[in-house]
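Structure assessment
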Amino acid sequence: MRVHIATDHAAFEEKKALVERLQQAGHDVVDHGAHEYDAEDDYPDFIIPCAEAVVGEPGSLGIVLGGSGNGEQIAANKVTGVRAALAYNTELAKLSREHNNANVLSLGGRMNSIDECWAMVEVFLATEFAGVARHQRRIDKMAAYEASRPGQAS
Ligand SMILES: O=C(CO)[C@H](O)[C@H](O)COP(=O)(O)O
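Residues numbered from 1 in each chain as written. Predicted model: local features only at pLDDT ≥ 70, side-chain atom pairs only at ≥ 80, totals over all residues. Heavy atoms only, no water.

Brief notes about the UniProt feature "binding site: D-ribulose 5-phosphate" (unreviewed entry) in the protein chain
- This chain's UniProt record puts "binding site: D-ribulose 5-phosphate" (unreviewed entry) on D8, H9, G67, S68, G69, N70, G71, N100, R110, R134 and R138. Their sequence span is 131 residues, while the largest C-alpha to C-alpha distance among them is 38.6 Å; these annotated residues do not converge on one region. Cross-referencing the annotated residues with the lining of the largest pocket gives N100.
- Looking at the element boundaries, D8 is found in the loop between β1 (2-7) and α1 (12-24).
- On the accessibility criterion, D8 (5% relative accessible area) is buried.
- Discounting chain neighbours no more than four positions away, the residues touching D8 are D41, Y43, F46, L65, G66, G67 and E72.
- A distance of 2.9 Å separates a polar atom in the side chain of D8 from the backbone nitrogen of A10.
- With respect to the element layout, R110 can be found in the loop between β5 (104-108) and α5 (114-126). (UniProt positions renumbered as here; feature names shortened; annotations may be inferred. 1 Å grid on protein atoms, 1.4 Å probe; cavity = no way out; pocket = protein on both sides within 12 Å on 5 of 7 lines; lining within 4 Å. Helix = DSSP H or I, 4+ residues; strand = E, 2+ residues; numbered from the N terminus. Buried < 20%, exposed > 50% of the residue type's maximum accessible area, 1.4 Å probe, protein only. Contact = heavy atoms within 4.5 Å. Polar contact = N/O pair within 3.5 Å; in protein donor to acceptor, adjacent residues only side chain to side chain.)

Have a look at this one:
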């Protein structure tokens, strides 16, 4: 699977480890940075391009990381077409795909170990959207709202 990934400094080591594990597992990984550790860097600079790449490549998925994952989820969700979910256990990662058809998973490198992050990534990538009508209806309502905002193409 094509996987876009990004972090700020706060999950620099976790991102590096995840890129290695994803490649070992055979995924086609695009690393949007941070490529160097800089304690003063800003997560939107990496997360927004990563989220845009996910939308630009239908069928791909994204993994964004930070200290908590909160700001990274918020930044990713600013990109039209992104449904980014914050997870801290595998059940949330699974539900984000099954119920929300999330295309971006947000993780907190200061909240979970590398092994825990990897477990969530594996579940996220392996789980399909359930396609149940009530879930699709709710996603459609959000997409309609998104499309109705000024400046959005119809
Ligand atoms: O998780 C994050 C945003 O939600 C950031 O990674 C976190 O805020 C960075 O913190 P600091 O600049 O103190 O290292």
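Details of the pattern of salt bridges
- Counted by the stated rule, this structure contains six salt bridges.
- D28 is the salt-bridge partner of R2, the closest N and O atoms lying 3.0 Å from each other. Of this pair, R2 sits in strand β1 while D28 sits in strand β2 (residues 28-31); the two residues are 26 residues apart in sequence, bridging distant segments of the chain.
- Using a relative accessible area of 31% as the deciding quantity, one classes R2 as partly exposed.
- Accessibility expressed as a relative area gives 40% for D28, which makes it partly exposed.
- Ionic pairing is found between D31 and K15, a salt bridge with its closest N-O pair at 2.9 Å. Here the residue D31 occupies a position in strand β2, and K15 occupies one in helix α1, the gap between them amounting to 16 residues.
- Residue class for K15 comes out buried when judged on its relative accessible area of 5%.
- Connected through shared salt-bridge partners, R2, D28 and E57 make up one network. (Salt bridge = Lys/Arg side-chain N within 4 Å of Asp/Glu carboxyl O.)

Description of the packing of aromatic side chains
- For the coordinates displayed, the defined rule picks out one aromatic pair.
- On the numbers, 6.0 Å between centres and 85 degrees between planes, the contact of F12 with Y37 is edge-to-face. Remark: Y37 occurs in the loop between β2 and α2 (44-56) and F12 occurs in helix α1; sequence separation between them is 25 residues.
- F12 sits in the buried class, given a relative accessible area of 16%.
- Residue class for Y37 comes out exposed when judged on its relative accessible area of 52%.
- Between R97 and the ring centre of F124, over which it is positioned, the NZ or CZ distance is 5.8 Å. (Phe/Tyr/Trp six-rings, centres within 6.5 Å; stacked < 30°, edge-to-face > 60°. Lys NZ or Arg CZ within 6 Å of the ring centre and 35° of its normal.)

Quick look at a negative patch on the surface
- Together, E36, D38, E40, D42 and D45 give the surface a local cluster of negative charge.
- Looking at where D38 falls in the secondary structure, it is placed in the loop between β2 and α2. (Patch = residues over 30% accessible without salt bridge, like charges linked within 9 Å, V, L, I, M, F, W, Y side chains within 5 Å. Areas by Shrake-Rupley, 256 points an atom, 1.4 Å probe, with all protein chains shown as cover. Lys, Arg positive; Asp, Glu negative; His and termini not counted. Charge placed at Lys NZ, Arg CZ, Asp CG, Glu CD.)

Brief notes about the nonpolar core
- Judged by nonpolar contacts, the single largest core of 22 residues is most densely connected at I5, L18, L22, I63, L105, L107 and V121.
- Looking at this core, the elements with two or more residues in it are β1, α1, β3 (61-66), β5 and α5.
- In terms of residue count, the dominant contributor to this core is α5 (six residues).
- Discounting residues that sit within four places of it in the chain, L107 has contacts with L18, I63, V64, L65, G66, S68, G69, A87, C117, M120 and V121.
- Counting residues in each nonpolar core, the second largest holds 15 residues, with F46, I47, A75 and V79 among its members. (Core = buried A, V, L, I, M, F, W, Y, C linked by side-chain atoms within 4.5 Å.)

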